[in-house]
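Results of the structural survey
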Amino acid sequence: METTRTISRRQFLNETTMVGTALGVGPNLLAAETNSAADSFPGGKIRVGEIGCGNVSSAYLTNLTSQPFIEVVSVCDIIIERAKKRAEQFKVSNAYPNIDAMLVGAPFDLLVNTTSMPAHYPVNQKALEAKRHVWSEKPMALEVQEAKELLDLAKRKGVHIWAAPTCVTSPQFKFMAETIASGKIGRVTAGHGAYGHGGPTWSAWFYEKGGGSLYDLGVYNVTTLTGLLGPAKEVVGITTTLNPARNVDDKGEVKVEADENTMLIMHHGNGVLSHVQTGFGYFSGERLAGEGRRLYTIDVTGTKGTMHLQGWDWEPAAVDVACQGEVVLETFCKERGHYNWVGGAKYVAESLLSGKPSLITPEHALHVLEVMNACHESQRTGRRVGVETGFKWPVFG
Ligand SMILES: NC(=O)c1ccc[n+]([C@@H]2O[C@H](COP(=O)([O-])OP(=O)(O)OC[C@H]3O[C@@H](n4cnc5c(N)ncnc54)[C@H](O)[C@@H]3O)[C@@H](O)[C@H]2O)c1
């Protein structure tokens, strides 16, 4: 049986109020919105079932099992040995071989979906049908229509769905969004994002249909740049493959069918443009962009100043700013606070308990999917592609 600390509702509110204060949210606001939400969850805890026990699940489970207000009740994988291994490693009581068995097994409130990308939609759909809240790894579905169905289904069933990434919850994102809103860098004109590495080596699906560098890596920059500059109105892009085949741990040699190299341009309206470059063919030394490195991965330029994000947007290190009158770059916002790149499920569990609105929204995730699919359509047709969905913007609070 998993050993977890039981906490009272009062303890939860105290602890989340401390988090709220660290995030700059007033304790009164947080407390005022907590009146009924935590009461819906017995013992003041969110019961989690995690499905998909591959590479990323270890980091997720490390994070989830260290939260006093979360109890991980089950894990699941179609390769049952993987689920059993994680159950043993993280002292989780139940391991299941498929979503159907998991849903009729030990009761839980929040499904954490860390399966391969093509499995996200059918798994998310089944969980929502069964009235479970869902935190999904990105993207929540492969088709815009499927993602819209998931949002509608969640509403009909009275539950929530959210999807990774979590970048908009970092202090560095908040700092950049607030700096733009303050007018300090003038009228924003352009943005740039870059994220790539040599490509995953463990699973074939990254290179098969429904995989690719844009859904897996570019998704972070598209989320950050739409979050900072506003919803995209139109997209143009080119994607390429670099290798006819790749060698991966689970299947040996596989044909490459998904994008390995992508350039995507967004028009955010009012003349504001941004650009994302992403790929599975990048020098992996670029991964050294983490803490303490000055490699910039997100740049935002305005008429009166410029901002550069140090480190990856999913693991930011600081923000450098230069403005009219202070033309030397100055470094701000060096602390990550409670932000964690695998902390999205914990973040939404807190939101479920406190009733506090989440900065991560399903509408934003749906928009990001439409932008990415518009890039693929632009590649197929050679045309600029309009984007219809939107989301509440600006994204900070
Ligand atoms: N690996 C990382 O560092 C990383 C980082 C951030 C996000 N992600 C995202 O997390 C997700 C998983 O990535 P990964 O690297 O862990 O992949 P992975 O291939 O290592 O693991 C996926 C697991 O899901 C299981 N699975 C597939 N379909 C299933 C189904 N229908 N039901 C139950 N289990 C199923 C597979 O058997 C496998 O064990 C992806 O969306 C990926 O983009 C991964």
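Attention here is on the structure that accompanies the text. The model shown is predicted, which means the values in this text are computed figures rather than measured ones. (Residues numbered from 1 in each chain as written. Predicted model: local features only at pLDDT ≥ 70, side-chain atom pairs only at ≥ 80, totals over all residues. Heavy atoms only, no water.)

Another aspect to go through is the packing of helix 8 (residues 171-182) against helix 9 (residues 213-229). Relative to each other, helix 8 and helix 9 sit at 30 degrees, their axes nearing to 9 Å. With respect to helix 9, the element helix 8 is oriented roughly parallel. Between helix 8 and helix 9 lies a crossing of right-handed hand. Residues F173, M176, A177 and I180 of helix 8 pack against T224, G227, L228 and L229 of helix 9. (Axes fitted to C-alpha atoms, helices over the stretch in contact; angles between N-to-C directions. Helix = DSSP H or I, 4+ residues; strand = E, 2+ residues; numbered from the N terminus. Parallel < 35°, antiparallel > 145°, perpendicular 65-115°, else oblique. Left-handed = near helix turned anticlockwise from the far one by under 90°. Contact = heavy atoms within 4.5 Å.)

In this section: the site of the ligand. Among the 26 residues in the neighbourhood of the ligand, the closest are listed as D77, R82, K138, S203 and W205. Here an oxygen atom of the ligand sits 3.3 Å away from a polar atom, N or O, in the side chain of H120. In the model, an oxygen atom of the ligand is placed 2.6 Å from a nitrogen or oxygen of the S203 side chain. In isolation the ligand offers 820 Å² of accessible surface; the protein chains occlude 88% of this area. (Near = heavy atom within 4 Å. Polar contact = N/O pair within 3.5 Å; in protein donor to acceptor, adjacent residues only side chain to side chain. Areas by Shrake-Rupley, 256 points an atom, 1.4 Å probe, with all protein chains shown as cover.)

What helix 6 (residues 120-129) keeps buried is the set H120, Y121, V123, N124, A127 and L128. Viewed along the axis of helix 6, the buried residues span an arc of 165 degrees, placing them on a single side of the element. Of the residues flanking the end of helix 6, it is K131, one or two places downstream, whose phi is positive at about 60 degrees. (Buried < 20%, exposed > 50% of the residue type's maximum accessible area, 1.4 Å probe, protein only. Arc of directions from axis to C-beta.)

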